[in-house]
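# A closer look at the structure
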2 protein chains.
Amino acid sequence: MADVVTMDKIVSLSRRRGFVFPSSEIYGGLASAYDYGHYGVLLKENVKARWFEAMVRERDDIVALDSSIILHPKVWEASGHVEGFHDPLVDCRTCKLRFRADQLEHSRCGRKPSKHPGETDECDLTEPRHFNLMFKTRIGPVEETGMDAYLRPETAQGIFINFKNVAQIARRKPPFGIAQIGKAFRNEVTTGHFIFRTLEFEQMEMEYFVPPAEAEEWFRYWVEERFRWYVRLGLRESHLRVRPHGPDELSHYSRQTSDIEYLYPIGWSELEGIAHRGDYDLTAHSRTSGTKLEWVDGEERYTPHVVEPAAGVNRSMLAFMVDAYDEEEVAGRLRVVLRLHPALAPVKVAVLPLIPRNAEIATKARALYEELRRSVVAEYDDSGQIGRRYRRQDEIGTPWALTIDEQTLVDDTVTIRDRDSLAQERIPISAARAVVEDRLAADWTSPKAD
Amino acid sequence: MADVVTMDKIVSLSRRRGFVFPSSEIYGGLASAYDYGHYGVLLKENVKARWFEAMVRERDDIVALDSSIILHPKVWEASGHVEGFHDPLVDCRTCKLRFRADQLEHSRCGRKPSKHPGETDECDLTEPRHFNLMFKTRIGPVEETGMDAYLRPETAQGIFINFKNVAQIARRKPPFGIAQIGKAFRNEVTTGHFIFRTLEFEQMEMEYFVPPAEAEEWFRYWVEERFRWYVRLGLRESHLRVRPHGPDELSHYSRQTSDIEYLYPIGWSELEGIAHRGDYDLTAHSRTSGTKLEWVDGEERYTPHVVEPAAGVNRSMLAFMVDAYDEEEVAGRLRVVLRLHPALAPVKVAVLPLIPRNAEIATKARALYEELRRSVVAEYDDSGQIGRRYRRQDEIGTPWALTIDEQTLVDDTVTIRDRDSLAQERIPISAARAVVEDRLAADWTSPKAD
């Protein structure tokens, strides 16, 4: 795939098939904002569902939470975000553009458009200034009585401030975790890498509270566990790597961080960060709020340490699409196919009447479709040549297609076509639902060959 | 239930069992903001999943969309929200409180706390002023180059601006619909009715695009369809009513609106609004953007009319909890039970080892739990007296509990306890999973008796 896939091809497929559209397009668009179409919604929801299964449903030690996007402003003072969550920006006095001071080597001067980076050295740059990345708003209907508030730049803090509530009610003793999926917002100068970095995005974060002495062990555990999750869902191991942060790039709250990186068309980039946050957050919120956030059980009393695997929904979805994207020549024609893991595929099976105007074929196809959709996401497609319909299903990543043809009227069999191998077999129509369900349930944990 | 349930009891249960917490509590709380705990997340996700099934998965004429919360600001100019989406507020010069001018009869003066409404007539009120309900923010890292933006007050506009993209790609001809679930934000003076009205909330909106001549018929169809959805999921018909808006209360975009109202402890209040929006939105966005949003198919060309069923996730969840809440005396003790529809219940089945310290019992219970959780959300509970564990499951609405006792060791049977009837039967442990799955799948469409 590394040979054929480019970001442009993913963007183009996403648009063509309705996965992702540029947001507010009829108004000229809004930079770094995207809307998700039908298949994009289904794929994104599948990514979240697989994460929730692995992190909450299949475990006994993690519970779910959904905190507000707008929290009390003191939360962001305590967390250090008001003070320290900013980008250093420089302005060019000549070309009037603004750049991130720490990324000048990737930027280019506005006066001399060029494909070569590093041309900002021709600019006349101001000294760097710091700009907070949090979107600010105001609660309360009128200016004079309102209160400043922020859109959360991460979901994590909503978890820390609920530590005591959850620990009491969930009757959990460390090690235990609190998991949350939700939107976060960052007012960033972005470089436009499609849905890799956007103004608003969805996070899947889990804060794992552990006895301090066990923190390093759990840190290693979660790096491995999360790496395996991506592999289990089909990312090639050769496109994944774990990169430990050097001491100079650690965030202020972190004792140790490793990024799981994916080889995007834009190069190796962060897919997920696993951070050993120590007692930074619970201590900070205890200090600022006056509420002791600690673990107490009889004589035992301590502030748990936190290990946090923090993944991005949108960039995971992008990685799954990039890794699944393939082109091949079949019978002299270019075939584009998304080889998505069936557990992620937006549509699991398509039902295609070969000759839609044949009423008998259409009736049988429709009945099969109605049966299948009771258990899996199915699609009925009767428009256009069969080859075009296959190509459409290939491009949205549908693992199986069932075709009803004239032979079906004779012997009640249908063909099942495999998206990846292109193999077609005839199976009894009465077995079709079971065959699809079995293939879907089959253990696909083995990584794809490179 | 009308006899026993009060908002206080729902708030208290929500907190006690970890459905809903006041947001930012350790910082003194944030008015009209709530965080959802484990069971709250599961219940809320079930509400959304049932809506998505009914509106998208079980139909061929509706596709999904997930648009941005922050859209281009022109969207809100075109929609009329910048100009017209406000509350009229008055200030009291004496008690310094602020009231909604259109709700003075429900307000009370700050100087004379009283349970009787209408006491604002003792206040010295200013003339009403209009305050826009949209949260405002700014995109771009610095003030001087940024652009004003708003957090969406409804998800609907994100659908209208994507009409053309979706219609082309989904190859749909009216009537067809676009459905979206997502957060919306309103900077309101609220009266604090728990999660009925909050600063941020989740909407489930569907815009149904139809040929103009069919709009009234579809309007009636959707009022009925949506009413039935609530009944199917267990709300008593006697607690539901359809209330058509009078001409004086219609929104600026609406030709006809009916609210589905629920009898909350605070009285009849809107659960969902179904609006016949005519061509208001597509025409407004066509005019402002210059992009013609219309249906074209050969000679046929028109601006579709729109019928919109717009439901609230949080207030639906509240209605389901209120309707399900029950208290009864059982063997001289008060039992609190949430009689939630199994399709909504956060946990479907609990596995309870009667004597947890009996290793054989614990092993069998654990094995059964591991088997059950592969297909349904199950919970293993071995802490405390069995009666306390039952009460806990009753309060979170778990329809069935399986208890493993000494008899299980003799004959491999378990008891299955029904949350509502309290009936207990012994069934073979090998049949337990099938029994739970069958009961869950059973058609529960018949409305509950009052």
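Everything in this summary refers to the structure shown in the same document.

Basis of the calculations
Residues numbered from 1 in each chain as written. Chains lettered and ligands numbered in written order. Predicted model: local features only at pLDDT ≥ 70, side-chain atom pairs only at ≥ 80, totals over all residues. Heavy atoms only, no water. Helix = DSSP H or I, 4+ residues; strand = E, 2+ residues; numbered from the N terminus. Buried < 20%, exposed > 50% of the residue type's maximum accessible area, 1.4 Å probe, protein only. Contact = heavy atoms within 4.5 Å. Lys, Arg positive; Asp, Glu negative; His and termini not counted. Charge placed at Lys NZ, Arg CZ, Asp CG, Glu CD. Pairing = 2+ DSSP bridges. Axes fitted to C-alpha atoms, helices over the stretch in contact; angles between N-to-C directions. Polar contact = N/O pair within 3.5 Å; in protein donor to acceptor, adjacent residues only side chain to side chain. Least-squares fit on C-alpha atoms with pLDDT ≥ 70 in both.

For chain A, the helix and strand inventory stands at 13 helices and 23 strands. When its C-alpha atoms are laid out on the principal axes, chain A stretches across 75 × 65 × 50 Å. Looking at chain A as a whole, 58% of its 450 residues are labelled buried. Summarising the internal contacts of chain A: among those between residues at least 6 apart in sequence, 66% fall at separations of at least 24. Charged side chains of chain A number 61 positive and 73 negative; the gap between the two group centres comes to 3 Å.

Attention now moves to the sheet that holds strand β19 (residues 349–353) of chain B. Residues and elements named next belong to chain B. Taking strand neighbours across the sheet as the criterion, the 5 strands line up as β20-β19-β21-β22-β23 in an open arrangement whose pairing is mixed. On the outer flanks of this sheet lie β20 (378–380) and β23 (424–428), each paired with one strand and no other. The sheet shows a mean angle of 25° between the axes of neighbouring strands, taken without regard to direction. As defined by bridge partners, strand β21 (residues 400–404) adjoins strand β22 (residues 413–418) across 4 bridges and the pair is classed as antiparallel. Looking at β22, one finds that Leu402 is bridged to Ile416. Sheet contacts for helix α11 (residues 386–396): β19, β20, β21, β22 and β23; angle to β19, the most-contacted strand, approximately 175°. Its contacts with the sheet put helix α13 (residues 432–441) on β19, β21, β22 and β23, and the angle it makes with β21 is roughly 170°.

Let us look at helix α11 (residues 386–396) of chain A. Among all positions in α11 of chain A, only Arg389, Tyr390, Arg392, Gln393, Asp394, Glu395 and Ile396 of chain A are buried. Of the residues trailing α11 of chain A, Gly397 of chain A is marked for its positive phi of about 85°.

In this section: the side chain of Thr408 of chain A. All names here are of chain A. In this fold, Thr408 is placed in helix α12 (residues 406–411). One polar contact links the side chain of Thr408 to the main-chain amide nitrogen of Asp405, over a distance of 2.9 Å. Discounting residues that sit within four places of it in the chain, Thr408 has contacts with Lys364, Thr403, Thr413, Val414, Arg426 and Ile429.

This part is about the environment of Thr155 of chain B. All names here are of chain B. Relative to the elements of secondary structure, Thr155 occurs in the loop between β8 (147–150) and α5 (156–160). Sequence separation between Thr155 and Gln203 is 48 residues, and the spatial gap between their C-alpha atoms is 6.9 Å. Those residues in contact with Thr155, other than ones at most four positions away along the chain, are Ser67, Gln180, Gly182, Lys183, Gln203 and Glu205.

So, on to the pairing of strand β9 (residues 176–185) of chain B. All names here are of chain B. Within β9, 9 of the 10 residues are buried, which leaves the element mostly enclosed by the surrounding structure. Bridging between β9 and strand β10 (residues 200–210) involves 10 bridges; their strand directions are antiparallel. Residue pairing in the sheet places Ile178 in a bridge with Glu207 of β10.

Another aspect to go through is the relation of the copies chain B and chain A. A rotation about some axis, followed by a shift along it, carries one copy of the chain onto the other. Overlay of chain B on chain A (RMSD 0.1 Å): rotation 180°, translation along the axis 0.0 Å. Here the transformation between the copies is reduced to the relation of a two-fold axis. For chain B, the residue whose C-alpha comes nearest the rotation axis is Thr137 of chain B, separated from it by 2.5 Å. A share of 100% of the interface residues of chain B reappears at the interface of chain A, consistent with the copies meeting face to face through the same patch.

All names here are of chain A. Read from one edge to the other, the open sheet built from 5 strands follows the order β20-β19-β21-β22-β23, with strand pairing classed as mixed. Only two strands of the sheet have a single neighbouring strand rather than two, namely β20 (378–380) and β23 (424–428). On average, each strand axis in the sheet is tilted by 25° relative to the strand beside it, whichever way the strands run. Here strand β22 (residues 413–418) runs beside β23; their pairing, made up of 5 bridges, is antiparallel. In the sheet register, Arg417 faces β23, and the bridge partner there is Gln424. This element, α11, spans β19 (349–353), β20, β21 (400–404), β22 and β23 of the sheet and lies at about 170° to β19. Sitting on the sheet, helix α13 (residues 432–441) touches β19, β21, β22 and β23, and the angle it makes with β21 is about 170°.

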